[in-house]
Amino acid sequence: MEETILIVSFLLFLILSNVINRIFPKLPLPFIQLVFGILSGLVFHKSQVHIDPELFLAFVIAPLNFREGQESDIGSFIKYRAIILYLILPTVFLTAIVVGYVAGHLLPVSLPLAACFALGAALGPTDAVAFISIAKRFQFPKRAENILKLEGLLNDASGLVSFQFALTALVTGYFSLAKASLKLALAIMGGFLIGLLFAFLMRLCLTVLEKFDVTGALLLELTLPFVAYFVADLLGFSAIIAVVVAGVMQANRLKKVTLFDAQVDRVTSVIWETLNFILNGLVFLIFGRELTRIIGPLLTSNAYSNFDLISIVVLVTCTLFLVRFLAVSCFYAWRSFKYHKSFKSIGERFNC
């Protein structure tokens, strides 16, 4: 009964958050939903809701990334591919290592180094959903926005592989850089091929459904991210990469435009807009609820100083910003040295 009440309250919170955002547009929608999530955690603190991480990735994150892939600009990826690939691969790994070392020295408890690296791997990748929500509130340069959106959609592969290998090293006490690199390459390539395969199969199915109705095509598109995710995950490839690639290949500028496509797009745009709102809202509501379960016991415990815990969070956050800033600066410094240009001109001329 409590779980039913909690689900109903989540739906009401989604409606109320949208109403409040319309009345007070200066209040960011994610912030309102986060506050409602915290209120839910305080009111229903006795209700235990267990969320399977795999199911959360498959049924919440995967469709969100699929839709963002559909709306992404493939031309921007080609244009800024150098910096995007640099941020996806070496920057994420470097962040995981540095943040892991820093967190290991700052935490008030003694943890194995592999566990600290797992923490760094979890914090390293930028989140596309979070950035897109922020980008709707603040104005970013178009170039920076395109780079961060595309990076956020693709860097989950490197982040997840880093996290998995950190956990493997924690459990087994063994780590191989060669095997980790090979597995990452296979995960990315396999996910890329799975995404292409299912996008191609969907295109074939649509040629048949053109003779019938829009409903079948709509259901096919809605199931595509889930099928691509589970098949890629079953084969041991990057499921997120598969979903993003499938979404990118469904972009209007990459597929045949017919009257039937226009009818499908008109219907799916409304449905995806609604699903995006619900799924994004659930992310922030669940995050707010989990905050009360994690932070509440820590703040009320006498074993740790609240000031020390807040200081650790601030220092780790500053470390994340610093590592990323230095990594990007090194990239542009190398390009500047290679082409004998200034930082600003190198970015504008070579679109890196």
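Quick summary incoming for the structure in this document. All values reported here derive from a predicted model rather than from experimental measurement.

The tally for this structure, following the rule as stated, stands at eight aromatic pairs. Geometrically, the ring pair formed by tyrosine 101 and phenylalanine 117 is edge-to-face, given 5.3 Å between the ring centres and 80° between the ring planes. Highlighted residues: tyrosine 101 in helix α5 (residues 81–106) and phenylalanine 117 in helix α6 (residues 113–123), separated in sequence by 16 residues. Cluster of aromatic residues (ring-pair linked, three or more members): Phe59, Phe226, Tyr229 and Phe230.

Let's shift gears to helix α2 (residues 29–43). Between its first and last C-alpha atoms α2 spans 21 Å; for 15 residues at 1.5 Å apiece the expected length is 21 Å, and the two agree. For α2, the set of buried residues is Pro30, Ile32, Gln33, Leu34, Phe36, Gly37, Ser40 and Gly41.

The next thing to look at is the nonpolar core. Ranked by internal contacts, the top residues of the largest apolar core, which has 41 residues, are Ile83, Ile84 and Tyr229. Every element with two or more residues in this core is listed here: α3 (53–71), α5, α8 (142–154), α10 (177–209), α11 (214–234), α12 (239–249), α13 (259–300) and α14 (306–339). Top element by residues in this core is α12. It accounts for nine residues. Excluding residues that lie within four positions of it along the chain, tyrosine 229 makes contacts with Glu54, Leu57, Ala58, Ala62, Ala239, Ile240 and Val243.

Right, let's talk about the environment of alanine 232 for a bit. Of note, alanine 232 is situated in helix α11. Those residues in contact with alanine 232, other than ones at most four positions away along the chain, are Ile194, Phe237, Ser238, Ala239 and Ala242.

A rise of 1.5 Å per residue sets the reference length of α5, with its 26 residues, at 38 Å; its end C-alpha atoms lie 36 Å apart and thus fit the reference within 8%. By the largest-angle criterion, threonine 91 marks the main kink of α5, which is about 35°. Buried within α5 we find Ile83, Ile84, Leu87, Ile88, Thr91, Val92, Thr95, Ala96, Val99, Gly100 and Ala103.

With that settled, consider the packing of α5 against α14. It is at 9 Å that the axes of α5 and α14 come closest, and there the two elements cross at 145°. α5 and α14 meet at a crossing whose hand is right-handed. Side by side, α5 and α14 meet where Ala82, Ile83, Tyr86, Leu87, Thr91, Leu94, Thr95, Val98, Val99, Val102 and Leu106 of the first sit next to Ile312, Leu315, Val316, Thr319, Leu320, Val323, Arg324, Ala327, Val328, Cys330, Phe331 and Arg335 of the second. Partitioning the contact of α5 with α14 into residue classes produces 18 nonpolar, three polar and two charged.

Rules behind the numbers
- Just so you know, the residues in each chain are numbered from 1, in the order the chain's sequence is written.
- Where local features are concerned, this predicted model is filtered to residues with pLDDT of at least 70; where side-chain atom pairs are given and counted, the filter is 80 or more; whole-chain, interface and lining totals use all residues.
- Side-chain measures were taken over the full set of non-hydrogen atoms in the model, leaving aside hydrogen atoms and water.
- Note on ring pairs: Phe, Tyr and Trp rings are taken, using the six-membered ring of Trp, and paired if centres are within 6.5 Å. Classes follow the plane angle, with under 30 degrees stacked, over 60 edge-to-face and the rest tilted.
- Counting from the N terminus, the helices are the DSSP runs of H or I reaching at least four residues and the strands are the DSSP runs of E reaching at least two.
- For a helix, the expected span equals 1.5 Å multiplied by the number of residues minus one.
- Relative accessibility under 20% of the residue-type maximum defines a buried residue, over 50% an exposed one, and the middle range a partly exposed one, all with a 1.4 Å probe and only protein chains included.
- Here the nonpolar core consists of buried residues drawn from Ala, Val, Leu, Ile, Met, Phe, Trp, Tyr and Cys, with membership extended through side-chain atoms lying within 4.5 Å.
- The contact criterion used throughout is that any non-hydrogen atoms of two residues lie within 4.5 Å.
- Note on bend: at a given residue it equals the angle between the axes fitted to the 7 residues ending there and to the 7 starting there.
- With axes taken as lines fitted to C-alpha atoms, and helix axes fitted only over the stretch in contact, angles between N-to-C directions fall between 0 and 180 degrees.
- Left-handed describes a crossing whose near helix is turned anticlockwise from the far helix through less than a right angle; right-handed describes the clockwise counterpart.
- Each residue receives one of three labels: charged for Asp, Glu, Lys and Arg, nonpolar for Ala, Val, Leu, Ile, Met, Phe, Trp, Tyr, Cys and Pro, and polar for the others, Gly being one of them.

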